[in-house]
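Here are the chains, one letter per residue:
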Amino acid sequence: MGLAFVVVFLVAVIYELLKYGKDSLQMAANKSGDRSCRCNMSPSLEMRSEQDKLRRNLSVEMILPEKNKIWSRNRALFITISTLLHMFALALSYMLMLIAMTFNVWLFLAVILGAGTGKLILLLKTNIVPVGVGHCNEP
C-alpha cells in the first residue's frame, strides 16, 4: 500500500507540472505568433483608430516578416506537441479521478496531496500570476 501511495502521489505531482507546461507552451506560442491579448474589454477609441491606421497602411507581414515565417514553420510542430500534451494530461486526469473513486482513503489522500505539492512546487519555483490577474486586467 505504501508503494501505491508514493506512485499515485508522484503521478499527481507530474499532472500539475504537465498542466503548467501546457500553459507555458501556449503562452510562448502566443508571444511568438505576436497575438494580441484576448481581453473582454473593448479597446478605447484612440486604440481602435490606431489599429485601423495600421491595418490600412501596413500588413502584419510587412511589420514582422521574420516572426511570421518562423511561426508558420513551427505551427504544425506546435499543434502536434500541444495535442499530444493535452491527450496525455487528459489521460492522467482521468486516471487520477478513477483512483480517487476507488474510495481508498490513502489513495485519495495521495491524489490530493500530490496535486497540492505539485502546485506548491510551481508557486515556489516560478513567478506564476494568479488567474484573473495580468496585463489584460490592469486598470
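Residue numbers run consecutively from 1 along every chain, following the written order of its sequence. Only residues with pLDDT of at least 70 get local features here, since the model is predicted, and only at 80 or more are side-chain atom pairs given and counted; chain-wide, interface and lining totals rely on the full set of residues. Remark: hydrogens and water are excluded; side-chain values derive from all non-hydrogen atoms of the structure.

### Quick notes on the overall build of the protein chain
So, step 1. Helix and strand definitions follow DSSP, with helices as H or I runs of at least four residues and strands as E runs of at least two, each counted in order from the N terminus. Looking only at helices and strands, the protein chain has five helices and zero strands in total.
So, step 2. When the helices and strands of the protein chain are listed from N to C terminus, the series reads α-α-α-α-α.
So, step 3. The buried share of the protein chain, reckoned over its 139 residues, is 17%.
So, step 4. Split by element, the accessible area of the protein chain, about 10700 Å² in all, is 68% carbon and sulfur. Here the term buried applies to any residue with accessible area under 20% of the maximum for its type, exposed to any over 50%, and partly exposed to those in between, with areas from a 1.4 Å probe on protein chains only. Exposure was quantified through the Shrake-Rupley algorithm and a 1.4 Å probe, taking into account, for residues, occlusion by the shown protein chains and nothing else.

### Remarks on the nonpolar core
So, step 1. Formed by Val8, Val11, Ala12, Tyr15, Leu18, Ala89, Leu92, Leu96, Ile99, Leu107, Ala110 and Val111, the largest nonpolar core amounts to twelve residues.
So, step 2. Those elements giving two or more residues to this core turn out to be helix H1 (2-32), helix H4 (65-100) and helix H5 (105-125).
So, step 3. The contact criterion used is simple: two residues touch if any of their non-hydrogen atoms lie within 4.5 Å. If near-sequence neighbours (up to four positions away) are discounted, Tyr15 is found in contact with Ala89, Leu92, Ser93 and Leu96. In these notes, a set of buried Ala, Val, Leu, Ile, Met, Phe, Trp, Tyr and Cys residues joined through side-chain atoms within 4.5 Å is what counts as a nonpolar core.

### Some details on the packing of aromatic side chains
So, step 1. Only rings of Phe, Tyr and Trp enter the pairing, Trp through its six-membered ring, and a pair is recorded when the two centres are within 6.5 Å. The plane angle decides the type: under 30 degrees is stacked, over 60 is edge-to-face, the rest tilted. Within the structure shown, the criterion is met by one aromatic pair.
So, step 2. Seen from their ring centres, Phe5 and Phe9 are 6.5 Å apart, and the 15° between their planes marks the pair as stacked. Of this pair, Phe5 and Phe9 both sit in helix H1, four residues apart, which is roughly one turn of the helix.
So, step 3. Classification of Phe5 by relative accessible area gives partly exposed; the value is 24%.
So, step 4. Residue class for Phe9 comes out partly exposed when judged on its relative accessible area of 22%.

### Digging into the confidence of the model for the protein chain
So, step 1. pLDDT is defined as a per-residue confidence score from the predictor, taking values between 0 and 100. Here the protein chain averages 76 in pLDDT, while 61% of its residues score no lower than 70.
So, step 2. Mean pLDDT values over the elements of the protein chain span from 46, in helix H3 (residues 60-63), up to 94, in H5.
So, step 3. Under a pLDDT of 50 for its full length, residues 34-41 has, in the predicted model, nine contacts with residues more than four places off or in other chains.
So, step 4. Considering only residues more than four positions removed or in separate chains, one finds that residues 58-64, a stretch of pLDDT under 50, has four contacts.

### Some thoughts on the pattern of salt bridges
So, step 1. By convention in these notes, a salt bridge is any Lys or Arg side-chain nitrogen within 4 Å of a carboxyl oxygen on Asp or Glu. Evaluated as defined, the whole model comprises one salt bridge.
So, step 2. Here Glu16 ties to Lys19 by a salt bridge, and the two come within 3.3 Å at their closest N and O atoms. One end of the pair, Glu16, and the other, Lys19, are both in helix H1, three residues apart, so they sit about a helical turn from each other.
So, step 3. On the basis of relative accessibility, which here comes to 10%, the residue Glu16 falls in the buried class.
So, step 4. By relative accessible area, which is 32% here, Lys19 ends up partly exposed.

### Section: H5
So, step 1. The span you would expect from a helix comes to 1.5 Å times its residue count less one. Over its 21 residues, H5 runs 30 Å from end to end, which matches the ideal 30 Å to within 8%, given 1.5 Å per residue.
So, step 2. Listed as buried for H5 are Leu107, Ala110, Val111, Gly114, Gly118 and Leu122. What you see down the axis of H5 is that its buried residues fit within an arc of 100°, all on one side. When the buried face of H5 is taken as reference, the exposed residues oriented beyond 90 degrees from it are Val105, Trp106 and Leu124.
So, step 3. Pairs of N or O atoms are called polar contacts if they sit within 3.5 Å, as long as, within protein, a hydrogen donor faces a hydrogen acceptor (for residues adjacent in sequence, only side-chain-to-side-chain pairs). In this structure Asn104 caps H5, since a side-chain oxygen of it lies 3.0 Å from the backbone nitrogen of Trp106. By arc we mean the arc of the directions from the helix axis to the C-beta atoms, nothing more.

### What about the environment of Lys119?
So, step 1. Note that Lys119 resides in helix H5.
So, step 2. Of the residues examined, Lys119 reaches a relative accessible area of 41% and is grouped as partly exposed.
So, step 3. Along the backbone, Lys119 and Glu16 are 103 residues apart, and their C-alpha atoms lie at a distance of 6.2 Å.

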